[in-house]
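Listed below, chain by chain, are the residues.
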Amino acid sequence: MAEQAKSPPKLGIAARAMQALGGAPAPDYLAALNPEQRLAVETLHGPVLVLAGAGTGKTRVLTTRIAHILRLGRAHPSQILAVTFTNKAAREMKHRIGEMVGQIVEGMPWLGTFHAIGVKILRRHAELVGLKSNFTILDVDDQIRLIKQILEAANIDEKRWPARIFAGILDGWKNRGLTPDQVPAGEAMAFANGKGKELYAAYQERLKTLNACDFGDLLLEQLRLFRHHPDVLADYQRRFRYILVDEYQDTNVAQYLWLRLLGQPRSNTTAVIPARREAAEPESRTGNDGLRVRAEDGAPRNDDISGPARTLRNICCVGDDDQSIYGWRGAEVDNILRFEKDFPGATVIRLERNYRSTGHILAAASHLIAHNEGRLGKTLHTEDVPGEKVTVTGAWDSEEEARAIGEEIEQLQRKKHKLDEIAILVRASFQMREFEDRFVTLGLPYRVIGGPRFYERAEIRDALAYLRVINQPADDLAFERIVNVPRRGLGDATVKQLHDHARMSRVPLTEAARAMIETDELKPKPRGALRDLMTAFDRWRTQAAHLPHTELAEIVLDESGYTEMWQKDRSADAAGRLENLKELVRSMQDFENLNGFLEHIALVMDRDADGITDAVSIMTVHSAKGLEFDTVFLPGWEEGLFPHQRSLDESGRAGLEEERRLAHVAITRARKRAKIYFATNRRMKGLWNSTIPSRFLDELPEAHVEVTEAKGGFGGMGGYGSMGGMRGAFGGNSRFDNFAPAASSYATPGWQRAQKRQRDDDAFGGFGDEASEYESAARYANDDEGLSGSAYSVDSPPPLRGRVREGGDFSPRPGSHSSRGAGASRGRFAARREPLTIEGELVAKSTGVSSAFARGDRVFHIKFGNGNVVAVDGNKLTIQFDKAGEKRVVDSFVERV
DNA sequence: GATGCAACGCTTTTT
DNA sequence: GCGTTGCATC
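Residues numbered from 1 in each chain as written. Chains lettered and ligands numbered in written order. Predicted model: local features only at pLDDT ≥ 70, side-chain atom pairs only at ≥ 80, totals over all residues. Heavy atoms only, no water.

For the rest of this paragraph, the subject is the overall build of chain A. Tallying secondary structure elements over chain A gives 37 helices and 23 strands in all. Burial statistics for chain A: of 897 residues in total, 55% are counted as buried. Put simply, of all contacts in chain A between residues at least 6 apart along the chain, 76% involve residues at least 24 apart. Carbon and sulfur atoms provide 51% of the accessible area of chain A, an area that totals close to 38,000 Å². (Helix = DSSP H or I, 4+ residues; strand = E, 2+ residues; numbered from the N terminus. Buried < 20%, exposed > 50% of the residue type's maximum accessible area, 1.4 Å probe, protein only. Contact = heavy atoms within 4.5 Å. Areas by Shrake-Rupley, 256 points an atom, 1.4 Å probe, with all protein chains shown as cover.)

In the neighbourhood of DNA strand B, 27 residues make up the surrounding shell, with Arg-427, Ser-429, Arg-453, Thr-620 and Arg-646 lying closest. In DNA strand B, atoms within 4 Å of the protein come from the sugar-phosphate backbone in 62% of cases. Arg-427 places a side-chain nitrogen or oxygen 2.2 Å from a base oxygen of DNA strand B. Between DNA strand B and Ser-429 there is a distance of 2.3 Å, counted from a phosphate oxygen to a side-chain nitrogen or oxygen. Listed by contribution, the elements that provide at least two residues to the surface near DNA strand B are α28 (621-624) and α29 (645-668). Across the surface near DNA strand B, the residue classes tally to seven nonpolar, 13 polar and seven charged. (Near = heavy atom within 4 Å. Polar contact = N/O pair within 3.5 Å; in protein donor to acceptor, adjacent residues only side chain to side chain. Nonpolar A, V, L, I, M, F, W, Y, C, P; charged D, E, K, R; others polar.)

Once that is clear, we can look at the environment of Tyr-242. Inspection of the secondary structure assignment puts Tyr-242 in strand β6 (residues 242-245). Given the relative accessible area of 5%, Tyr-242 is considered buried. A C-alpha to C-alpha distance of 7.6 Å links Tyr-242 and Ala-75, two positions 167 residues apart in sequence. Residues contacting Tyr-242, with those up to four places away along its chain left out, are Leu-44, Arg-65, Ile-69, Arg-74, Ala-75, Gln-79, Ile-80, Leu-81 and Asn-314.

Our focus in this paragraph is the nonpolar core. Of all hydrophobic cores here, the largest spans 74 residues; its most connected members are Phe-135, Phe-191, Phe-226, Tyr-248, Trp-258 and Leu-262. Here this core takes eight residues from helix α13 (residues 253-263), the largest share from any one element. What Leu-262 contacts, discounting residues up to four positions off in sequence, is Leu-81, Phe-226, Leu-233, Tyr-236, Gln-237, Phe-240, Ile-243 and Arg-313. Counting 48 residues, the second-largest nonpolar core is a separate cluster that includes Phe-454, Ile-460, Ile-470 and Leu-498. (Core = buried A, V, L, I, M, F, W, Y, C linked by side-chain atoms within 4.5 Å.)

Ordered in space as β3-β2-β6-β9-β1-β10, the six strands form an open sheet in which the pairing is parallel. Each edge of the open sheet is held by one strand with a lone partner, namely β3 (111-113) and β10 (347-351). Direction aside, neighbouring strands of the sheet carry axes that sit 15° apart on average. Inspection of the sheet shows strand β2 (residues 80-84) paired to β6 by four bridges, in the parallel sense. Residue pairing across strands places Ile-80 opposite Tyr-242, the latter belonging to β6. Most of the contacts of helix α4 (residues 58-72) go to β6, to which it runs at about 170°, and overall it touches β1 (48-52), β2, β6, β9 (315-319) and β10. (Pairing = 2+ DSSP bridges. Axes fitted to C-alpha atoms, helices over the stretch in contact; angles between N-to-C directions.)

Every disulfide links exactly two cysteines, by a covalent bond between their sulfur atoms. Tallied over the entire structure, the rule returns zero disulfides. Considering cysteine sulfurs only, Cys-316 is the nearest to Cys-317, which forms no disulfide, with 6.8 Å between them. Judged by its relative accessible area of 0%, Cys-317 is buried. (Disulfide = S-S within 2.5 Å.)

In the structure shown here, the tally under the stated rule is 57 salt bridges. Here Glu-408 makes a salt bridge to Lys-675, at a shortest N to O gap of 3.5 Å. A residue pair is termed long-range when its members are at least 10 positions apart, and Glu-408 in helix α17 (residues 398-414) and Lys-675 in strand β16 (residues 670-684) qualify at 267 residues. Owing to a relative accessible area of 10%, Lys-675 belongs among the buried residues under this scheme. Linked by salt bridges that have partners in common, Asp-141, Asp-142, Arg-145, Asp-462, Arg-468, Asp-475 and Arg-481 make up one network. (Salt bridge = Lys/Arg side-chain N within 4 Å of Asp/Glu carboxyl O.)

Evaluated as defined, the whole model comprises 24 aromatic pairs. Aromatic side chains Trp-161 and Phe-191 sit 5.2 Å apart centroid to centroid with 65° between the ring planes, which places their arrangement in the edge-to-face category. Of this pair, Trp-161 sits in the loop between α7 (140-153) and α8 (163-175) while Phe-191 sits in the loop between α9 (185-189) and α10 (196-210); the two residues are 30 residues apart in sequence, bridging distant segments of the chain. Taking relative accessible area as the criterion, Trp-161 reaches 12% and is therefore assigned buried. Taking 4.7 Å as the distance between ring centres and 35° as the angle between the ring planes, the aromatic pair formed by Phe-166 and Phe-191 counts as tilted. Placement of Phe-166 in helix α8 and of Phe-191 in the loop between α9 and α10 is noted, with a sequence separation of 25 residues between them. The residues Phe-166 and Phe-191 share a single accessibility class, namely buried. (Phe/Tyr/Trp six-rings, centres within 6.5 Å; stacked < 30°, edge-to-face > 60°.)

On to helix α23 (residues 524-546). Here α23 is 23 residues long and its end C-alpha atoms lie 34 Å apart, about the 33 Å a rise of 1.5 Å per residue gives. Buried within α23 are the following residues: Pro-526, Ala-529, Leu-530, Leu-533, Met-534, Ala-536, Phe-537, Trp-540 and Gln-543. (Expected span 1.5 Å × (residues − 1).)

Attention shifts here to the side chain of Thr-113. Along the chain, the position of Thr-113 falls in strand β3. Taking relative accessible area as the criterion, Thr-113 reaches 5% and is therefore assigned buried. A polar side-chain atom of Thr-113 sits 2.9 Å from the main-chain amide nitrogen of Ala-116. Residues within four places of Thr-113 in sequence aside, it is in contact with Val-83, Thr-84, Phe-85, Thr-86 and Asn-87.

Taken N-terminus to C-terminus, the directions of helix α3 (residues 35-42) and α4 make an angle of 45°; their axes are 8 Å apart at the nearest point. Judged on the interaxial angle alone, α4 and α3 are oblique. For the pair α3 and α4, the crossing hand works out as right-handed. Along the contact surface, α3 presents Gln-37, Ala-40, Val-41 and Glu-42, while α4 presents Val-61, Thr-64, Arg-65 and His-68. (Parallel < 35°, antiparallel > 145°, perpendicular 65-115°, else oblique. Left-handed = near helix turned anticlockwise from the far one by under 90°.)

Turning our attention to helix α16 (residues 359-369). Of all the eleven residues making up α16, eight are buried; the element is thus mostly covered by neighbouring parts of the structure. If you check which residues of α16 are buried, you get Gly-359, His-360, Ile-361, Leu-362, Ala-364, Ala-365, Leu-368 and Ile-369. Buried residues along α16 sit against β11 (390-397), α29, β16 and α30 (695-698).

Moving on, we get to the pairing of β6. Alternating residues of β6 divide into Tyr-242 and Leu-244 and Ile-243 and Val-245, and every residue in both groups is buried. Two strands pair when backbone bridges link them, and β6 and β9 are joined in this way by three bridges, in the parallel orientation. Note on β9: the bridge partner recorded for Ile-243 is Ile-315.

This part is about the confidence of the model for chain A. The predicted coordinates ought not to be read in detail in places where the model reports low pLDDT. Taken as a whole, chain A shows an average pLDDT of 75; of its residues, 72% reach a score of 70 or greater. Taken as a whole, residues 740-850 scores under 50 in pLDDT and shows 185 contacts with residues more than four places along the chain or in a different chain. (pLDDT = per-residue confidence, 0-100.)

Turning our eyes to something else, we now look at unusual backbone geometry. That bond from Val-485 to Pro-486 is cis: its omega, 0°, falls within 30 degrees of zero. Tracing the backbone shows Pro-486 in the loop between α20 (476-482) and α21 (492-505). Following Phe-642, the chain continues into Pro-643 via a peptide bond in cis, with omega recorded as 10°. Tracing the sequence through the fold places Pro-643 in the loop between β15 (629-634) and α29. Although it is not a glycine, Asn-155 sits at a positive phi angle of roughly 60°. With respect to the helices and strands, the residue Asn-155 is situated in the loop between α7 and α8. The phi angle at Lys-416 is positive, at roughly 70°, despite the residue not being glycine. Classification of Lys-416 as exposed rests on a relative accessible area of 73%.

In structure tokens form, the structure reads like this:
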């Protein structure tokens, strides 16, 4: 029965599955599926590829399939391997399966991320790959510090060959499943004059001494394990009767190989040993400094992987080639495009009925993505109403864009839309700031998703380092991190001595330290400090045995002086850091012991959303994948930003297609409203650039898109059409060429005045044209020098703004904002705010209720820290922050201290 | 060991 | 423009 035709009659399969159920009527969970979904759930034999377009019920299929397998008794929970990319996805799956099966699925030990499963397997067989089962998992920070040490030891100038770059290269190799000896000679040449390979080998060796793995190793070491120990592999192949993979389009080569190994027929294990495959792209990742990494040898791909699996195994991959947006970190769309070749006899099922978005949105997204060539092709359709058209709105600059979006959100809010159902999805994270600033002013609750994660904060890592040393004394990286934090007189000199000693005796640093306390190599002062520290660690280790780990953490933070260090720190974020430490201890409660906790944080770097009840979400398009909202705002659709210039430069056509997929992902996040924006001027890297609308806008179907009219203000701005000339250089006209910036918010007297002044002045048009033409020409000549040369300088913001500022009453207050550092942002903020206040906008937005705060109050703001209230205006406070300077904020954002 | 200044870089991000 | 980082200096 393995020999099913590729396109079996759909009902046949379903019917057969029904028979398997003994002719009983389909259970509820099946009845709720559409025919294709049902086929995907019920095709339980042989490889299955489910191409699940956005919003077609992908997760539902996966979870139902698992529930179905369990219900039919085809496998025990422990015989199902289900892999996801993120912990979030894993959690969600577990939850939903539990709901369906009607109980908590404790018994699904092999449902998790690639990495979590990797750790589990590696811990069991650690000794077979040269590790001990309590090995540490290094995060990126540790990894870079380790590389630095390796580079130093090899006498490589870190200036010329930065550790970060090498970390990137290493990552690339590991993503492709390459061990040091497998690195193509050409690529190895590219770093440090051909030392790449050696360095990689040295790094791996060092990891072994540290009894540690980096993230890449969690996969790579498994490949090694399986290849060198076929018996172990066979054992897992036997165990996993069903394999399910989520987001298959995001798998990298290493993950692909891993799946191939596990998904292969058992008999075939010996054929696999030399498995190796080059990256799909002939030309690939680039470093800086002209460091081009190429796959020099055009080795035929995939030829050394064992031939087609002879016996079909039950592997089911779910993915969407149109949502592959992680090529830059090693994902290979190719894996999904080639599934049928890799797994002959595979059943391919397309899920094309979309349950998420209304008609216009879906049509717009489909039309856009149809411009891509390398795709399997799906046609999404919906039975939903057409709904609202996708809107495209032009804004003068990014500030106005933020203002217009803010306004639209307030309108939605007035119509009782939930803020939780609104998201702003940006291409690059620097775009977020503009919105944050705007929302703080408006008093609009928002949450930023992504950004520095909880466990990446310095204070958290420090605290963890202490715990890591207690847990595993050989953890040199952790030890080094905190040996002099807080300062205890163990500076670089002492640490270097420790290092020397450790290297000579080939022992971990802690051991070296222990030895050196007994000798008089060290000066008395550091020696004493070191002895104290080691005694403390001994004590904590003893306590660890009988105290609850949360208590231990508190003791350690306290006795080490770490808490005190932050208490004494007077900077704005010290309070937040202490709060984070408390949160850390709190979060430890969820774990049985220190070990479990440390493992969790190494792998589960995600943090649950903060407690804000109803708020607009701001995030990158990347982090929005998998999410959905009623209303989605998509700012920044401009050439150079979206599609991103670097993506085009580095990956050419493939890059453009990935950007287009990203745009497709962005639009398909919307259920009811997708609102696209572009600005004609944007500041990037400190310079104002005039920009042209994204080519993706032209690729949207006119019938489903509404180009919103400027609502007054800039009506008569034919003269602004500087973009016609720019398009000339670009080739072909865009219907957005003469687009007037949206000015919905500019019906204010101030703007009318500014506009009038500008018209009277009439000098602006010429300037705009000239600069823009030069700029776009330079851009398409792909000449970076020219590009920055053509951009407006920092001192001359885009023409209109410049005019406004220069016009007497709008100029920033002199003197008061001139301080540097943190004050700089204040200057930026205040200079812009001022005119708005004058024009009464802020007053108009005030609730009228007098604030609970008074002048002189000492307050705390989550973002800006502590400060003093210098003025109160309704619910708007002007606060002089200690660190962040003077800002106007809404009172609900601060609390009294 | 703290402080200050110059230099760098700046898409997307999980584990 | 702005935040981070590394080095030099006191």
